[in-house]
Amino acid sequence: MQTLYGLPVTKHTHTHTHTHTLHPVRLHLRMPGRSVLLLLLLLLPSVRRSESVRCFAQFNLSLGQCDEELGEVDEEDCCQNPKYGYQTTDGVCRSCGPPLWSPWSPWSQCNVPCGEGVIQRNRKCFGIGVSECEKPKHNVEMIPCNGSCCQSPCPAAGVWSSWSSWAQCSSSCIPEGRVPIRYRRRICSNPASSADPPILGCLGDDSEKQNCNNLPHCPVDGGWGSWSPFSSCPVTCGVGLQESLRRCDSPAPKHGGWPCPGEGRRTSICLTNTHCPVDGVWSDWSQWEKCKSPFPGRDIQCSKTAGGSQIRERRCLHQAHNGSICSGDSLTQARVCYDVTDCYMKGTWGGWDSWTLCSPPCGLQSKRVRKRRCEVDYSDYEPTIGRKKELATFSGSPLDDCGSLPDGEQSAQRQSCANAPACA
């Protein structure tokens, strides 16, 4: 069993259909007037390889999309570069990089047109080992909203009819320096916009044009020149793509002639068998440790004169294959503090904390909460600690006493998140 970023990778037996050393090769050559299939089989012992996938040179983390296809290779070879992505037979684009969250989506529209409802946003985990993103269950957030359309019927946008058929191209062949175009149209009649009930106009254009790029030139048949040698492998790690070019210049098509048939570019995948560097990524900071005295064995809990210090840590994750370590050299942070854990302290009632997110983010039991702040009086403490006069913090949760609230006031409020979607 091999591993990638610390995760198990299972290999499968697979026979390639692309060109590289020590594997069966299938080359398709297209020639004017006929197609020739050349099959070269090299009889070698079977080699256990990972699943063959479509490999792409770019993975868009925001959209979860693959771009710049390189060709079909083994998954293990493709993912030697963590910036690449790949598709298997299910058509889903996957990232070769370490597990990372996508950006949050925009907030959705209110799910009810009138009254109390909710809006949601979500994010997705991409990368090898998608269950390894930090806080893997925190992929949906939800807050209440109020639908503002309470009249009947609500204003609505008009709906376009279906597009008409494409009209004929503006020319029967492609003149030099100008590409013919064709048009199709639609009308805002499904239904048309009106004032009662109020319906807005249709969004978008009522016409669409398209270049007629597939017409013949006018009129000399083009002929292909010779193929150039394949370029050198453009990458030093992972999977690259070599190319060979030919030009339609023997002769070039003009005066109404047919363009050259076939492609002017052919490619061959090159394997470096070298894994690309994987740069490190900082983890979140840990929780602050307990506030401790610099003198071993000395108890500073509830002391107003004896301060201490506390630290928190973070780690540099996923760095591999000579990738860069995380920027910055701070693995720990320290601050001075007073330990007020379980200390009885007087205080006064302040304002409300912010509402929490709806929890759970679905179902009839979804609620959010906010609490009244009991603002503890720390005036008996020195604002700084030590010879360096560092600003002190208060560590731990005191036993605060703000007394009773005035009649009719509450220390906490709960609110149901109305019309939350059902849990899956």
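Scroll up to find the structure this text is about.
The written sequence of each chain sets the order in which its residues are numbered from 1. The model is predicted, so local features are restricted to residues of pLDDT at least 70 and side-chain atom pairs to those at 80 or more, both for listing and for counting; the totals for chains, interfaces and linings are taken over all residues. Working from all heavy atoms in the structure, the side-chain values ignore hydrogens and water.

Undergrad: So what about the sheet that holds strand β25 (residues 308-313)? Which residues, and what values?
TA: Read across the open sheet, the three strands follow the order β25-β27-β32; overall the sheet is mixed. One side of each edge strand has no neighbouring strand; the edge strands of this open sheet are β25 and β32 (393-395). On average, each strand axis in the sheet is inclined to that of its neighbour by 55°, with strand direction left out of account. Strands pair, by our definition, only if DSSP identifies at least two bridges between them. Numbered from the N terminus, helices here are DSSP runs of H or I no shorter than four residues, and strands are runs of E no shorter than two. Axis definition: a line fit to C-alpha positions, over the contact stretch in the case of helices; interaxial angles, taken between N-to-C directions, run 0 to 180 degrees.

Undergrad: Please give an account of the state of the cysteines that cites residues and values.
TA: By convention in this document, the label disulfide applies to cysteine sulfur atom pairs within 2.5 Å. Following the criterion strictly, the structure yields 15 disulfides and no others. Across the disulfide from Cys 79 sits Cys 96; the S-S distance is 2.1 Å. One quick way to see it: the torsion about the S-S bond of Cys 79 and Cys 96 is about -65°, and its sign makes the bridge left-handed. Of this pair, Cys 79 sits in the loop between α1 (75-78) and β9 (85-87) while Cys 96 sits in the loop between β10 (93-95) and β11 (100-101); the two residues are 17 residues apart in sequence, bridging distant segments of the chain. Residue Cys 79 shares its accessibility class with Cys 96, and that shared class is buried. Accessible area is worked out with a 1.4 Å probe on protein chains only. A residue is then buried under 20% of its type maximum, exposed over 50%, and partly exposed in between.

Undergrad: Can you tell me about the environment of Ser 189, naming the residues and giving the values?
TA: Relative to the assigned elements, Ser 189 resides in the loop between β16 (181-185) and β17 (194-195). For Ser 189, a relative accessible area of 37% gives the class partly exposed. In the structure, Ser 189 is positioned 29 residues away from Trp 160 in sequence and 6.3 Å away in space, judged by C-alpha atoms. Every residue in contact with Ser 189, bar those within four places of it in the chain, is listed here: Val 159 and Ser 161. We call two residues contacting when some pair of their heavy atoms lies within 4.5 Å.

Undergrad: Please provide a residue-by-residue account of the pattern of salt bridges, values included.
TA: The working definition used for a salt bridge is a side-chain nitrogen of Lys or Arg within 4 Å of a carboxyl oxygen of Asp or Glu. Going through the model one piece at a time under the given rule, you end up with 11 salt bridges. Between Lys 290 and Asp 339 there is a salt bridge, with its nearest N and O atoms 3.1 Å apart. Linking Lys 290 in the loop between β24 (281-282) and β25 with Asp 339 in strand β27 (residues 332-339), this pair joins segments that are 49 residues apart in sequence. Given the relative accessible area of 51%, Lys 290 is considered exposed. Of the charged contacts in the structure, one is a salt bridge between Glu 375 and Arg 373, with a shortest N-O distance of 3.8 Å. A relative accessible area of 39% means that Glu 375 is categorised as partly exposed. Each of Asp 353, Arg 373 and Glu 375 takes part in a single network of salt bridges with overlapping partners.

Undergrad: Before we move on, can you summarise unusual backbone geometry with the specific residues and values?
TA: The peptide bond linking Ser 250 to Pro 251 adopts the cis configuration, its omega dihedral lying at 0°. Relative to the helices and strands, Pro 251 resides in the loop between β21 (239-245) and β22 (254-256). Cis geometry is adopted by the peptide bond preceding Pro 360, which originates at Ser 359 and carries an omega value of -10°. Within the chain, Lys 389 stands out as a residue other than glycine whose phi angle is a positive 55°. As for its position among the elements, Lys 389 is in the loop between β30 (384-385) and β31 (390-391). In this structure Lys 389 comes out as exposed when scored by relative accessible area, which is 58%.

Undergrad: If you had to explain the side chain of Ser 293 to someone new, which residues and values would you point to?
TA: On the secondary structure map, Ser 293 appears in the loop between β24 and β25. With relative accessibility at 14%, the residue Ser 293 sits in the buried group. Residues within four places of Ser 293 in sequence aside, it is in contact with Arg 298, Ile 300, Gly 307 and Gly 308.

Undergrad: Describe the sheet that holds strand β7 (residues 52-60), listing the residues and the values that go with them.
TA: The strand order β8-β7-β9-β10 describes an open sheet built from four strands, whose pairing is antiparallel. Whereas interior strands pair on both sides, the edge strands pair on one side only; in this sheet they are β8 (65-74) and β10. The average undirected angle you get between the axes of adjacent strands in this sheet is 35°. Note that β7 and β9 share three bridges and pair antiparallel. Considered in β9, the bridge of Phe 56 is made with Gly 85.

Undergrad: I'd like a description of the nonpolar core, backed by residues and values.
TA: By convention a nonpolar core is built from buried Ala, Val, Leu, Ile, Met, Phe, Trp, Tyr and Cys residues, the set being connected through side-chain atoms within 4.5 Å. Residues Cys 55, Leu 70, Val 73, Cys 78, Tyr 84, Tyr 86 and Cys 96 are the most contacted members of the largest nonpolar core, which totals 14 residues. Among the elements that make up this core, the one with the highest residue count is β7 (three residues). One finds Tyr 338, Val 340, Val 376 and Ile 385 within the second-largest nonpolar core, a separate group that totals nine residues.

Undergrad: Which residues make up the packing of aromatic side chains, and what values go with them?
TA: Any aromatic ring pair is given by two values, namely how distant the centres are and how the planes are angled relative to each other. For this analysis, a ring pair means two rings from Phe, Tyr or Trp (six-membered ring only for Trp) whose centres lie within 6.5 Å, classed as stacked if their planes differ by under 30 degrees, edge-to-face if by over 60, and tilted for the remaining angles. Within this structure, the stated rule accounts for six aromatic pairs. When the centroid spacing of 5.6 Å and the interplanar angle of 25° are considered together, the rings of Tyr 338 and Phe 394 count as stacked. With Tyr 338 in strand β27 and Phe 394 in strand β32, the pair connects residues that are 56 residues apart, well separated along the chain. Ring pairing ties together the aromatic residues Tyr 338, Tyr 378, Tyr 381 and Phe 394, which thus form one cluster. As a reminder, the over-ring test applies to NZ of lysine and CZ of arginine, requiring each to be within 6 Å of the ring centre and within 35 degrees of the ring normal. Sitting over the ring of Trp 101, Arg 123 keeps its end group 4.0 Å from the ring centre. Above the plane of the ring of Trp 355 lies Arg 368, whose end atom (NZ or CZ) is 4.5 Å from the centre.

Without other data, these values stay purely geometric and don't point to any function.
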